[in-house]
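Read off the chains here:
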Amino acid sequence: VDCDWSSDVCSSDLGKLLNANTISVKPQRIVAATNLLLAENRIVLVGNITDPKTGDSDAFYVLCAQTCEAAKYLGKKSTYVRVAHLEKNQLLLAGSTRDAWPGKKAIGKVDAFATVLDLTTGKQIFFQRSGNKSAVRSWESGYQLNGQIVLSGFSELGTNQEVVTTSFAKNGNVIGTARFP
């Protein structure tokens, strides 16, 4: 969707696209859309979906171009997305999770996670999980630029609380971390 923000062109085209498509998610769930990303000719809707009976939550994203695809889910019982950034065909999603992910089991009470998905192939090209035993961690803000990622969030361990900012190289290696009590 090419937008001329000084006119109604973008909002009317966006409205037509969203009104012309039904976005289906799991039934009888509470849906909280947290991000709406616009890039070229596509829209990405990101959020969290909760089962009101159990409190289980997983994150989701939906791709829309001419039509909207079925929602894709991250996590099973306790994953929340708080960061969404779209660069070219790469979608960065980050937040917190207690769920085990393939090859990345839980570390702390709640771990911060970040993943980058290739929207053309649907493959995960980056995944990081950050935590300490008995700690609660979450990424709360961040961005991706030229494949490098910077995320900022918090860490709580007992009565100690810190703000943590970490930068990652394209290959997922940590470039540096700063902690602020």
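Residues numbered from 1 in each chain as written. Predicted model: local features only at pLDDT ≥ 70, side-chain atom pairs only at ≥ 80, totals over all residues. Heavy atoms only, no water.

Visitor: Even after reading the chapter, I still don't get the overall build of the chain, so can you show me in this structure?
Guide: For the chain, the count of helices and strands is 1 helix and 12 strands. Looking at the chain as a whole, 43% of its 181 residues are labelled buried. Considering only intrachain contacts with a sequence separation of at least 6, the fraction spanning at least 24 residues in the chain is 38%. Summing over all exposed atoms, the chain offers an accessible surface of approximately 10000 Å²; the carbon and sulfur share of this is 50%. (Helix = DSSP H or I, 4+ residues; strand = E, 2+ residues; numbered from the N terminus. Buried < 20%, exposed > 50% of the residue type's maximum accessible area, 1.4 Å probe, protein only. Contact = heavy atoms within 4.5 Å. Areas by Shrake-Rupley, 256 points an atom, 1.4 Å probe, with all protein chains shown as cover.)

Visitor: Where do I start with the environment of valine 136 in this structure?
Guide: Following the sequence through the fold, valine 136 ends up in strand β9 (residues 136-145). A sequence separation of 20 residues divides valine 136 from glutamate 156, and the C-alpha atoms of the two residues are 5.1 Å apart. For valine 136, the contacting residues outside a window of four places in its chain are Lys109, Val110, Phe154, Ser155 and Glu156.

Visitor: So what exactly am I meant to see when it comes to the sheet that holds strand β12 (residues 174-180) here?
Guide: Sheets are built from strands that pair by backbone hydrogen bonding, the pairs being arranged parallel or antiparallel. The 4 strands are arranged β9-β10-β11-β12 in an open sheet whose pairing can be described as antiparallel. Each edge of the open sheet is held by one strand with a lone partner, namely β9 and β12. Neighbour-to-neighbour, the strand axes of the sheet open up by a mean angle of 15°, direction not taken into account. Judged from the 9 bridges that link them, strand β10 (residues 148-157) and strand β11 (residues 160-168) form a sheet pairing that is antiparallel. For serine 152, the partnering residue across the bridge sits in β11 and is threonine 165. (Pairing = 2+ DSSP bridges. Axes fitted to C-alpha atoms, helices over the stretch in contact; angles between N-to-C directions.)

The values are spatial; any link to function lies outside them.
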